[in-house]
Amino acid sequence: MIRLYHFPLSPFCRKVRLTLAEKKLEVELVEERYWEPSPDFLRRNPAGKVPILRIDQKVMSESQAICEYLEEAIPTPALMPRDVEARYEVRRLCAWFDDKFHTEVTSKLLYERVNKKVMGHGYPDSKNVKSGAGRIKYHLDYMAWLLDQRRWLAGNEMSLADFTAAAHLSCLDYISDVDWNRNATVKDWYAKIKSRPSFRTLLADQIPGFPPPAHYADLDF
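Residues numbered from 1 in each chain as written. Predicted model: local features only at pLDDT ≥ 70, side-chain atom pairs only at ≥ 80, totals over all residues. Heavy atoms only, no water.

## Observations regarding the sheet that holds strand S1 (residues 2–6)
Piece 1. One open sheet holds the 4 strands; their spatial order is S2-S1-S3-S4, and the pairing between them is mixed. At either margin of the open sheet sits one strand with a lone partner, and together these are strand S2 (28–31) and strand S4 (58–61). Strand-to-strand twist in this sheet, taken as the mean axis angle between neighbours without regard to direction, amounts to 20°.
Piece 2. By the bridge criterion, 4 bridges tie S1 to strand S3 (residues 52–55) in an arrangement that is antiparallel. Opposite Ile 2, over in S3, you have Ile 55 as the bridge partner.
Piece 3. Here helix H3 (residues 63–73) sits on the sheet in contact with S3 and S4, set at roughly 130° to S4. (Pairing = 2+ DSSP bridges. Helix = DSSP H or I, 4+ residues; strand = E, 2+ residues; numbered from the N terminus. Axes fitted to C-alpha atoms, helices over the stretch in contact; angles between N-to-C directions. Contact = heavy atoms within 4.5 Å.)

## Considering the side chain of Glu 89
Piece 1. Here Glu 89 is to be found in helix H4 (residues 84–119).
Piece 2. A polar contact is formed between the side chain of Glu 89 and the side chain of Arg 92, at a distance of 2.8 Å.
Piece 3. When sequence neighbours within four positions are dropped, the list of residues in contact with Glu 89 reads Arg 150 and Ala 154. (Polar contact = N/O pair within 3.5 Å; in protein donor to acceptor, adjacent residues only side chain to side chain.)

## Some words on unusual backbone geometry
Piece 1. Looking along the chain, the bond that leaves Val 50 and enters Pro 51 is cis, with omega of 10°.
Piece 2. By the secondary structure assignment, Pro 51 is in the loop between helix H2 (39–44) and S3.
Piece 3. Backbone torsion omega between Thr 76 and Pro 77 reads -5°, so that peptide bond is classified as cis.
Piece 4. With respect to the element layout, Pro 77 can be found in the loop between H3 and H4.
Piece 5. In this model, Lys 24 sits at a positive phi of 60°, which is unusual for a non-glycine residue.
Piece 6. In the Ramachandran plot, Ser 176 falls in the positive-phi region, its phi being about 60° despite a non-glycine side chain.
Piece 7. Relative to the elements of secondary structure, Ser 176 occurs in the loop between helix H6 (160–174) and helix H7 (184–194).

## With respect to the nonpolar core
Piece 1. In this structure, Leu 53, Met 143, Leu 153, Leu 169 and Trp 189 are the most contacted members of the largest nonpolar core, which totals 70 residues.
Piece 2. Here this core takes 11 residues from H4, the largest share from any one element.
Piece 3. When sequence neighbours within four positions are dropped, the list of residues in contact with Leu 153 reads Leu 93, Phe 97, Met 143, Leu 146, Leu 147, Ala 161, Asp 162, Ala 165 and Trp 189. (Core = buried A, V, L, I, M, F, W, Y, C linked by side-chain atoms within 4.5 Å. Buried < 20%, exposed > 50% of the residue type's maximum accessible area, 1.4 Å probe, protein only.)

## Description of empty space enclosed by the protein
Piece 1. Under the counting rule described, the total for this entry stands at 1 cavity of 30 Å³ or more.
Piece 2. The calculated volume of the largest cavity comes to roughly 30 Å³.
Piece 3. As for the largest cavity, its lining consists of Leu 140, Asp 179, Trp 180, Arg 182, Asn 183 and Val 186.
Piece 4. Residues that form the lining of the largest cavity fall into these classes: 3 nonpolar, 1 polar and 2 charged. (1 Å grid on protein atoms, 1.4 Å probe; cavity = no way out; pocket = protein on both sides within 12 Å on 5 of 7 lines; lining within 4 Å. Points joined across faces, edges and corners; volume = space filled by probe spheres on them. Nonpolar A, V, L, I, M, F, W, Y, C, P; charged D, E, K, R; others polar.)

## Digging into the packing of aromatic side chains
Piece 1. Scanning the model with the defined rule gives 13 aromatic pairs in all.
Piece 2. Ring plane angle 90° and centroid distance 5.4 Å describe the contact between Phe 7 and Trp 35, whose orientation is recorded as edge-to-face. Pair noted here: Phe 7 is in the loop between S1 and helix H1 (11–22) and Trp 35 is in the loop between S2 and H2, with a separation of 28 residues, a long-range link.
Piece 3. A relative accessible area of 17% means that Trp 35 is categorised as buried.
Piece 4. Residues Tyr 190 and Phe 221 carry aromatic rings whose centres are separated by 5.9 Å and whose planes lie at 85° to one another, so their mutual orientation is edge-to-face. Of the two residues, Tyr 190 is situated in helix H7 and Phe 221 in the segment after helix H8 (200–203); the sequence distance between them amounts to 31 residues.
Piece 5. With a relative accessible area of 0%, Tyr 190 lands in the buried category.
Piece 6. Taken together, the ring pairs in this structure connect Trp 180, Trp 189, Tyr 190, Phe 199 and Phe 221 into an aromatic cluster.
Piece 7. In this structure, Arg 44 packs its charged tip against the face of Tyr 5, placed 3.9 Å from the ring centre. (Phe/Tyr/Trp six-rings, centres within 6.5 Å; stacked < 30°, edge-to-face > 60°. Lys NZ or Arg CZ within 6 Å of the ring centre and 35° of its normal.)

Take a look at the structure:
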């Protein structure tokens, strides 16, 4: 049995969910209120973070480590290229979105608008929201620049880099914080990712008190 302890609007959890789905692995999703950690939760991951993946008796944490474990354990379909330089580029872009994009955008928009209310941590900080709304433009332009040179973000084959980026953007799209009209190339890229069967469970997510916009689950947005 495979069980994933997750939070629906966590980009890191969504990244693992997409990888599991692409590998056609059935998984039981267990929603975890990680901000109210139980002793059992902290035993599974002393860092107090999601996602946590349990496969048989193995318990794993950290989204990139989990995804690369799944890639090595189940190499088909491949989400990492064979060429060493191409693998580096995938890892570089995964880190770009999980670190730089997350720090500058996801944490400033999603966490301020949604997580604070869900966790009971008060109201959004308008300075952070303004900062995130400004920085996302830079990141979308960078993605457009990459996609002008390649079919996918890290090269000519779809990879974990695309799912990492899509995991973050899908969370922000849930709260209408992505300007898809800024660049047609980026919008087309996201439409291709969004149309994949692995994306279906993400599009069905619902956060109480935060209904998604009409275009969120629309494949022809």
